[in-house]
Structure formats: C-alpha cells, structure tokens
Amino acid sequence: MEYDFAASEKKWQEIWDKERLNEAVDFDKRPKFYGLIEFPYPSGSGLHVGHLRAFTSMEIIARKRRLEGYNVLFPIGFDAFGLPTENFAMQTGRHPRGVTDDNIAVFTRQLKAFGYSFDYSRTVDTTDKSYYKWTQWIFIRLFKRGLAYKSKAYVNYCEKCKVILANEESQGGVCDRCGSDVVQKEKDVWFLKIRDYAEKLLDGLDEVDFLPRIKLEQRNWIGRSEGAEVDFAVKGGVDPNAKLRVFTTRADTLYGVTFMVIAPEHPFIAENAAVIKNTNEIDVYRAETKRKNEFERTRVNKDKTGVKLLGVSAVNPLSGAEIPIFTADYVTLDYGTGAVMAVPAHDERDYEFAKKFGMPIIEVISGGDVSEAAYTDIDGGVLINSGILNGLSVKDALKKITAYLSENKIGEKKINYNMKDWAFNRQRYWGEPIPIIYCEKCGAVTVPEDELPLELPPLESYRQTENGESPLASVAEFVNCKCPQCGGAARRETDTMPQWAGSSWYFLRYIDPKNDKALADKKKLEYFGPVDWYNGGMEHVTRHLIYSRFWNRFLYDIGAVPFAEPYAKRTAQGLVLGENGVKMSKSLGNVVNPDSLIKEYGADVLRLYIMFMGDYESPVPWSNSGINGCKRFLDRVYNLPSVMTENDGLSDKHAALTHRLIKKTSGDIEAMKFNTAIAAMMAYINEIYYDNFITRGELKTLLLLLFPFAPHIAEEINEKIGGKIILAKCAYPVCDPSKLDDDEMELPVQINGRLKGVVKVAKDADINAVRSAAMKDAAINAALSNANIKKEIYVPKKIVNFIVL
RNA sequence: GCCGAAGUGGUGGAAUGGCAGACGCGACGGACUCAAAAUCCGUUACCCUUAAAAGUGUGCGGGUUCAAGUCCCGCCUUCGGCACCA
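First, a word on scope: everything that follows refers to the structure included in this document. From a predicted model like this one, the values you see are computed outputs, not experimental measurements. (Residues numbered from 1 in each chain as written. Chains lettered and ligands numbered in written order. Predicted model: local features only at pLDDT ≥ 70, side-chain atom pairs only at ≥ 80, totals over all residues. Heavy atoms only, no water.)

1. Observations regarding the overall build of chain A
So, step 1. Secondary structure assignment for chain A yields 25 helices and 30 strands.
So, step 2. Relative to all contacts within chain A whose residues are 6 or more apart in sequence, the contacts with residues 24 or more apart total 73%.
So, step 3. Approximately 35100 Å² of chain A is accessible, and the part contributed by carbon and sulfur atoms is 50%.
So, step 4. Measuring between centres, the 106 positive side-chain charges of chain A sit 1 Å from its 110 negative side-chain charges. (Helix = DSSP H or I, 4+ residues; strand = E, 2+ residues; numbered from the N terminus. Contact = heavy atoms within 4.5 Å. Areas by Shrake-Rupley, 256 points an atom, 1.4 Å probe, with all protein chains shown as cover. Lys, Arg positive; Asp, Glu negative; His and termini not counted. Charge placed at Lys NZ, Arg CZ, Asp CG, Glu CD.)

Listed below in structure tokens is the structure:
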C-alpha cells in the first residue's frame, strides 16, 4: 500500500502536540539538554533550504536526546527587527508590525509542516514590547557601567540603506545588507565598548567546545597583539614638553627608527598648526584621505603617500637622533596611538615608504639584506647597531628593552586589539528605541527602568528626515519629554538599536520567556543554562556569535546571568548552493521553494535528503534528482513489515549487523556526520532485503534509529506493526559492544603489499590458522607455495600481509 | 601578503595508516507490462582482453612504511577568513 505522507504527517504532529512531548519542563529531575539553532529573520519569502539544513541537524539531536531520557529545551523564535521589513512597509504603506506578524505566521506554518520538535510554548519575538523591554534594560545597564557612550566619529555608512554599519556589518568594505560600497561619514555614534571585553572574549574561548575554525576566526577578529608604547620627545612643538606616543610590537628595533608617521586625523597636527610650516599642504592631504573610504585607504599594495611635517621633529629616546615626522594614510587613528615609529630596515610598509621618500634605512638586526628588502624574520638574526641591545636575539632584546623602557619611564608594555567598539545606533524606525533622554542640564540620562518598555510610536511615514535623522525624530510627542532627573524639558534619543541587539540575548529569554520581573529567573537560568549545543552559520562567527558572547559576559559580570560563556558547544553547517553550484539567490533564479517540495515529497523525505546531500560542514549544491534516493529508501522501510517475523529480539544472523548499525548511526549523529548515518541505514536495509526477513525487534530498532531523521513515517510503521507505545516515548537503542563482531570474518590477504584475495577466518584466528586458510585459496597458494616467506604481518581483524622474496 | 580548509569515478560524496570509490544520483542491461511509469534484479574508475590473469589509478613531484587518499618535505589549484593593525 502506498504511504500517504500528508495524512500521516499531520496525524503524528497532532499527537506529539497533544501529548506536549516537545515542551521542556522547568526544574525537571531528568538531566537537561539545551539545543539551540539561530532563530530566523521572518522575511517575506518564507523559509529557505539553508534554514532547513541548519534546523534539521539540531532537530535530529534534540529528538535523539529525548529518547535518551533528557529534558530537552529546543526552542524557536523570531529575530524580527530590521531593514527588509521596514522597506517592505514603506513600499506598501503597511505597518511593520502587521508585516512582521504575517511573516511569522508563514514561518510558523512552514516549520510545523516539517515536524520540527520545537517547544512552541516558549516562542519569542524580538519586536514584541515584552521582549524589547529587556533589550532596552540591558542597554541601560551597559550605559550605567560606562560601556555605552556617544561620540562624534567617522563610521562606516551605507548611502543606499542610509544607515550606520558596525565593522562587523561592513566586512570587505561593502554593506552586509545591500552589497554597495561603504563610505566613511562623521556621525553622532553610540558605541558599546566591546573592546573592553576583548581579553575576556579571548580567554572564554579556552573554556568552550567550538569548532577550531570558529575559535580561530574569532581570535583573528579580536586581533590581540602584544607590544609597547614608547614616548618620543618633540622638537619645535608648541608645547616644549610635548611627546608623541607610538605603539610598536617591535620595540627591539628602536635604534633603527629613522622617521615617524602619524595618522592624518592625529590631534598633534591641529595642536601644532602654529609651528608647522606647511599646514596648507597637509590640509589638502587630509581632505583627500577623508574622501576615501576605509576599504580604499587600507587596501594593501596601494602606493604609499604622505606629507612631511615641516618645522617639527621627534627625538629617538634611545639614540637621541633627531628624526622627521610624516603624516600618511597608512597609519590610522583608531589603532594603537595613531602614531608609528618607522623602522624601514625591518618593516615592509616603512621600507616602502622610506624608499619612496628617500629616508635612511638603518639595519639593526643582522641576517637579511636590507638593500634589497625589509628583514622581518623575528626568529633569525642578532641585534646590531643597537647600543645596549647589541648581540642579543630578537626575543631577548624585546625582553630587555621593555624592562628598560618602563624603568626609565619612556614607555610601557601594552596590548592592542584590532576589534573596534560596536557602533550601536541606526537612523531607522523598525528597531528598539534607545532609552536615553537628553537634558540641557543633566546631559544624557537613561529612561527610568519602571517606564520600560519605551515603545515605538505609531508613524505616518517611515522615511528618514531631510537631514538623515531617524523617522522617530519627526514625532513630536515621542521626542519631547521631561528629564527624569530634574523634570525640565528634554528630548529623546530618536535612533534605534541595530538588528543584532535582540539576538544578543534571546537564548536567555527562551529559558523564561514570560517573566516580567527580570530578563529571566536566576534559578531557571541555573537549571537550563548554558546552551549545551548551538548550531548556526559561519557568517555569524564575527557578528552575532561575538556580540552575544559579549552581552552574556556583561550580564554575568553584573550578576544577571549565572554563567560567563553562553554556549558550551558551537558547530556550523555549510551553505546550501543552487543546483548550478553558486549561491542561491532570487536574482539568479536558483532558489528552491520548501512549500512545493514538501507538497511533492513530504517532510520526512526532505528532512532526510537535506541531511544526506553531503558532508554537513561543507557547502553542497542542491539537486532535485537526488531526492528520489531518499524517497525510495523510506518506501523500502515502509514495506519492511511484509517480511517481518514475530521475534521481539534480534536474529542470530542480524545481531552483529544491528548492533553495528546502532553504534554507527548514534556515533555519526553526535559527530554531525548525518550523511553517513543515513547511508548506514540504507546499507542495513539492503542486507535485510537480500536476506528477505527482519525480526520485529530488528525493525523496532531500525525505526528508533530512523525516528530522529524521519519521525512521522517511523511512527506510522511502528503503529502498523502493532507497537503499543509511540516511538516518541520509547528509549533510544543501546549498542552492546560485545555483539559487534560476527564469529567469522573476511580477512584481506596481501602478498608484498598487493591484495591477492580474501579468506574467511575466525575473528580471533592466529597467524597459523590464517596462513593455512590463505593456502586454500588457489591464487594465493600459487603465489606462496613456491616462494620463501620472509615475513608475515598480521593485524587481527584487519589484514594479513606476506612478504616473499 | 598572512591564517585556515579542501582537491577522490559521469555526479553528490565514503574510507581510526590496513580490501579506494561505502551510500545515493545518473547511465546501461534484464524482469514485470500491450506499452509506459513505478517497482525488482544485475552492471557501472581506467587500460588490455572472448575470458582468465596482469597493469594503472585519490591535484603535481619527492620521501617514510610490510602497507599511504590518510603521515613528512616541496609545489599547483580552488574555496573561506583577515588584511598598510604598526
């Protein structure tokens, strides 16, 4: 009989739902397991097959954990603030609230159709005021701790989206959202001091089980470098005691400094305008720099440009040599001190600059040929021309000079990070209002916590104002308010938070989604937290994943959360590409629609196929024809009852086969090798079909192994064979290691390392038994009988190799 | 430029140093059918062959080992991340 997947899937979804099997229980005695997937942005186009790949993996793990006896928290929610919804609202004249609700409804319907075992009773929506109340609360706490500050700054700006972008949102110099070039614009910017957490974010990586490439990417992004700051006295400056401070990782090369370079924005230039003789020339250069965006400016291999400051110079604190000061755009104000000591002999950039501007090159480390290129190897040479450092290795010189600098108060040890503070405000409507009030007298004051949430007011237009302010700026009732401190007239901040705010703590809210006294109850956080296993995309490693670790560590520091690291384990899936092997996108017309696929094949086939397509962590092209293989497999499983025998245990013939299958499937799921787990089940039923029988016990075991992947059909077959308990309430099969091997096995036989045949021997046969078995094989006998066996290499259960002359 | 991952049949991909190509797709042959679809059975790396038996094969060149897709050295290519970070 044909399997009616549509009816069956609906039926079982209703049964699981009614029995509330997917809901996590607070403070339950079973061990807890918190499995998390990245909650989706509910876009108008519905689920993408990329979502399916990301969700199905954790779905399989969550279902397996329930069978294993865990109290599983596997929640779902929606990260719903953001530009696409706002743009859609603008185009259609609808309110983003309604658009968001519609999209969430579509997503929910699709997710349920796939039979995902999410705990829908804990669904969160970042745009719900009962949720963003706490997002605002966290901002206020950050502000009160001095971790949120406002300043004028040059920031990444997308002219198309008309919005500030964080560094994490403008990687490669293009806008994350629309792909257009990012420009530098001076704006009022709210920053979160994520840089203050750089060290904690690095240290935390040692405690967690993240994929190595994830840790590596985060470490690179944070970009820690150890070095020293060194003061250079200034000659001819306005202030005779003024010093220019540089950051360097190579203080050992101090004697090789032949000039200094400061960033074009460095305040030193303005402070000394009165004594610098070529201010005009410098102003022109600075104006040019400003026009360039960050990407152009910092592009490697770009020709070095710069201008020498006439009338001032610096003094090498060690050698006393007087050296010129340049300004050049290869030095930026936002890293280190915005000033660099140039050592052309041992730094490629300085070398290039020195060559172009005819500056002297002093070799201070032997081992290279500085007439040809900068010598930058730190393991090679020995210090020369370096006064007190002569004769030392680079490492020893670094140690000695660092100590010397602090003893003589001309410098100190210093650690720098590439990671910039997080630009946190957006001139947009559809985001959390920043709960800050500006008072003439009191300055920036936070909205009182008992007035939260600070709600988004209804709006007639979602367009920004003429001068690029947030749409909220045009709502007088919202803007004008009283200062909570002095009661005087004041105005509200009109910018909203970035898309990443709500997602930075949502995993905490799932634990206690309806709490109106706290972001989540401490006892519940202790019970369920931290997340045991978090799966998501590599694209979030230097965005969401670092932001949320930062917020969690902050909340830990203020005592709101009882664990420092939010995620014990993090894995990542590969992209799903279009059939043509390139990224799926609407414009390329290679997007796969889950709705039509589920109608044609049903949820189980799709769930299975999406996991079978290829290695989970690698990108894989979609293929419609490949789906049939999974459909055939499930059809074959569905027909197994026709060859079932009434034996509740395992047959002698299939015992080892079945235990091997349990081990393989279970282990592969834990290692996220879903493709081989499925392949093993396919191979198993191929054997079963060959033997043309399966016992009830064997079939039941197979169904339980299949259940996390294809739960509906597994339940249906279990019912068909008279299973009295639904699979969702059964226990996961356990492998008995003593039953993994058959008594006899096929042993490959090599002669001189070449395969000559396969012989059947007892699994614990000794070499004599193996040799005599091998001699019975005609081909092997022919090769061995007249030869002189020099050596026998026998690895039991693996291989035997006869070395002959 | 630096860091990381990966290169295996027509194709997606399997292989704790131990039978390379599991499992699937596709293709080919057969059964069933008036026919087709579906299903079932078989074949399917290359080369030489009627066949058997050899031989060659995991990006390229070396090496270690009884045995290398896997380990080591040197290259090439692709993908991902970072990038004038001082």
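After that view of the structure, there is still more to cover.
2. Examining unusual backbone geometry
So, step 1. Cis geometry is adopted by the peptide bond preceding Pro 453, which originates at Leu 452 and carries an omega value of 0°.
So, step 2. Position of Pro 453 relative to the elements: it lies in the loop between β18 (443–446) and α13 (476–479).
So, step 3. Omega for the peptide link from Gly 529 to Pro 530 comes to -10°, which places this bond in the cis form.
So, step 4. With respect to the helices and strands, the residue Pro 530 is situated in the loop between α15 (522–528) and β21 (533–537).
So, step 5. The phi dihedral of Arg 20 is positive, around 50°, even though this residue is not glycine.
So, step 6. Here Arg 20 lies in the loop between α1 (5–18) and β1 (32–37).

3. Describing the environment of Glu 19
So, step 1. With respect to the element layout, Glu 19 can be found in the loop between α1 and β1.
So, step 2. For Glu 19, a relative accessible area of 39% translates into the label partly exposed. (Buried < 20%, exposed > 50% of the residue type's maximum accessible area, 1.4 Å probe, protein only.)

4. Focus: the protein's contact with RNA strand B
So, step 1. The environment of RNA strand B is formed by 50 residues, the closest being Gln 171, Lys 304, Arg 349, Asn 418 and Lys 798.
So, step 2. Expressed as a percentage, the sugar and phosphate content of the atoms of RNA strand B within 4 Å of the protein is 63%.
So, step 3. Arg 632 places a polar side-chain atom, nitrogen or oxygen, 2.3 Å from a phosphate oxygen of RNA strand B.
So, step 4. In the environment of RNA strand B, a base oxygen lies 2.6 Å from a nitrogen or oxygen atom belonging to the side chain of Asn 801.
So, step 5. In terms of residue count, helix α21 (residues 674–691) provides more of the surface near RNA strand B than any other element does, 6 residues in total. (Near = heavy atom within 4 Å. Polar contact = N/O pair within 3.5 Å; in protein donor to acceptor, adjacent residues only side chain to side chain.)

5. Points about the packing of aromatic side chains
So, step 1. Tallied over the entire structure, the rule returns 43 aromatic pairs.
So, step 2. Arranged with centres 6.4 Å apart and planes meeting at 70°, the rings of Phe 33 and Tyr 70 form a pair that is edge-to-face. Taken together, the residues span a long stretch of sequence, with Phe 33 in strand β1 and Tyr 70 in the loop between α2 (49–67) and β2 (71–73) at a distance of 37 residues.
So, step 3. Residue classification places Tyr 70 among the partly exposed residues on the basis of a relative accessible area of 27%.
So, step 4. When the ring of Phe 247 is compared with that of Tyr 335, the centres are 6.2 Å apart and the planes differ by 80°; the resulting orientation is edge-to-face. Of the two residues, Phe 247 is situated in strand β10 (residues 243–248) and Tyr 335 in the loop between β13 (322–327) and β14 (339–342); the sequence distance between them amounts to 88 residues.
So, step 5. Given the relative accessible area of 10%, Phe 247 is considered buried.
So, step 6. In this structure Tyr 335 comes out as partly exposed when scored by relative accessible area, which is 25%.
So, step 7. The residue whose ring lies beneath Arg 492 is Phe 478, and the NZ or CZ to ring-centre distance is 5.7 Å. (Phe/Tyr/Trp six-rings, centres within 6.5 Å; stacked < 30°, edge-to-face > 60°. Lys NZ or Arg CZ within 6 Å of the ring centre and 35° of its normal.)

6. Describing the packing of helix α5 (residues 129–144) against helix α16 (residues 544–557)
So, step 1. Viewed as axis vectors pointing N to C, α5 and α16 meet at an angle of 70°, and their least axial separation amounts to 11 Å. Here α16 runs roughly perpendicular to α5, going by the angle between their axes. The crossing of α5 and α16 is left-handed. Contacts from Thr 135, Trp 137, Ile 138, Arg 141 and Leu 142 of α5 reach α16 at Phe 550, Trp 551, Phe 554 and Leu 555. (Axes fitted to C-alpha atoms, helices over the stretch in contact; angles between N-to-C directions. Parallel < 35°, antiparallel > 145°, perpendicular 65-115°, else oblique. Left-handed = near helix turned anticlockwise from the far one by under 90°.)

7. A closer look at the nonpolar core
So, step 1. One finds Trp 422 and Trp 551 to be the most contacted residues of the largest nonpolar core, which totals 85 residues.
So, step 2. When sequence neighbours within four positions are dropped, the list of residues in contact with Trp 551 reads Thr 135, Ile 138, Leu 142, Leu 192, Trp 422, Phe 424, Ala 501, Ser 504 and Trp 505.
So, step 3. Membership of the second largest hydrophobic core comes to 84 residues, among which are Val 592, Met 613, Ile 721 and Leu 727. (Core = buried A, V, L, I, M, F, W, Y, C linked by side-chain atoms within 4.5 Å.)

8. Focus: the pattern of salt bridges
So, step 1. This model, assessed by the stated rule, comprises 51 salt bridges.
So, step 2. In this structure, the salt-bridge partner of Asp 347 is Arg 349, at a minimum N-O distance of 2.4 Å.
So, step 3. Residue classification places Asp 347 among the buried residues on the basis of a relative accessible area of 16%.
So, step 4. Look at Arg 349 and you get partly exposed, because its relative accessible area is 47%.
So, step 5. Connected via shared salt-bridge partners are Asp 26, Asp 119, Arg 122, Asp 512 and Lys 524. (Salt bridge = Lys/Arg side-chain N within 4 Å of Asp/Glu carboxyl O.)

9. Remarks on the sheet that holds strand β7 (residues 182–192)
So, step 1. Spatial strand order, β6-β5-β7-β16: 4 strands in an open sheet with antiparallel pairing. Across the chains shown, the open sheet's two edge strands, defined by having one partner strand only, are β6 (163–165) and β16 (422–423).
So, step 2. On the sheet, α5 packs against β5 (148–158) and β7 and is oriented at approximately 85° with respect to β7. (Pairing = 2+ DSSP bridges.)

10. A word on the packing of helix α19 (residues 627–638) against helix α23 (residues 711–720)
Two numbers describe a pair of packed helices, the interaxial angle and the distance between the axes.
So, step 1. Close contact between α19 and α23 brings their axes to 10 Å; oriented N to C, the two are set at 15°. Compared by their axis directions, α19 and α23 come out roughly parallel. Where α19 crosses over α23, the two elements pack in a sense that is right-handed. Mapping the contact onto sequence places Leu 634, Val 637 and Tyr 638 in α19 and Ile 713, Glu 716, Ile 717 and Lys 720 in α23.
So, step 2. Looking at side-chain class alone, the contact of α19 with α23 contains 5 nonpolar, no polar and 2 charged residues. (Nonpolar A, V, L, I, M, F, W, Y, C, P; charged D, E, K, R; others polar.)

11. Remarks on the pairing of β21
So, step 1. The element β21 is largely enclosed, with a buried count of 5 among its 5 residues.
So, step 2. In terms of strand pairing, β1 meets β21 through 3 bridges, oriented parallel. Pairing of Ile 37 across the sheet is with Asn 535, part of β21.
So, step 3. Remark: the β21/α16/strand β22 (residues 569–573) crossover connection has right-handed handedness. (Right-handed = clockwise from strand over helix to strand, strands pointing away.)

12. Some words on the environment of Pro 457
So, step 1. The topology assignment puts Pro 457 in the loop between β18 and α13.
So, step 2. When the C-alpha atoms of Pro 457 and Ala 287 are compared, they prove to be 41 Å apart, with 170 residues separating the residues in sequence.
So, step 3. Apart from the residues lying within four places of it in its own chain, the contact partners of Pro 457 are Tyr 429, Leu 472, Val 475 and Phe 478.

13. Quick word on the sheet that holds β22
So, step 1. With parallel pairing, the 5 strands of this open sheet are ordered in space as β2-β1-β21-β22-β8. Sheet topology places β2 and β8 (209–210) at the edges, where each strand pairs with a single neighbour.
So, step 2. Helix α7 (residues 212–222) contacts β8 and β22 of the sheet and is inclined by roughly 100° relative to β22.

14. Regarding the side chain of Gln 136
So, step 1. In this fold, Gln 136 is placed in helix α5.
So, step 2. The residues contacting Gln 136, other than those within four sequence positions of it, are Glu 432, Pro 433, Pro 435, Leu 452, Pro 453, Leu 454 and Met 497.

15. Digging into the environment of Ala 568
So, step 1. Among the structural elements, Ala 568 can be located in the loop between α16 and β22.
So, step 2. Between the C-alpha atoms of Ala 568 and Lys 522, which are 46 residues apart in sequence, the distance is 18 Å.
So, step 3. Residues within four places of Ala 568 in sequence aside, it is in contact with Val 208, Asp 209, Val 531 and Asp 532.

16. Details of helix α11 (residues 348–357)
So, step 1. Among all positions in α11, only Asp 350, Tyr 351, Phe 353 and Ala 354 are buried. Across the axial projection of α11, the buried residues extend over an arc of 165°, all falling on one side.
So, step 2. Taken together, the buried residues of α11 touch β11 (259–262), β13 and β14.
So, step 3. Taken from the residues just after α11, Gly 358 is the one with a positive phi, measuring 65°. (Arc of directions from axis to C-beta.)

17. Let's talk about the side chain of Ser 504
So, step 1. Residue position: Ser 504 is located in the loop between β20 (489–492) and α14 (506–509).
So, step 2. Ser 504 sits in the buried class, given a relative accessible area of 1%.
So, step 3. Within the structure, the side chain of Ser 504 is placed 2.7 Å from the backbone oxygen of Trp 500, a separation counted as a polar contact.
So, step 4. Not counting residues up to four positions away in its chain, the partners in contact with Ser 504 are Trp 422, Tyr 547, Ser 548 and Trp 551.

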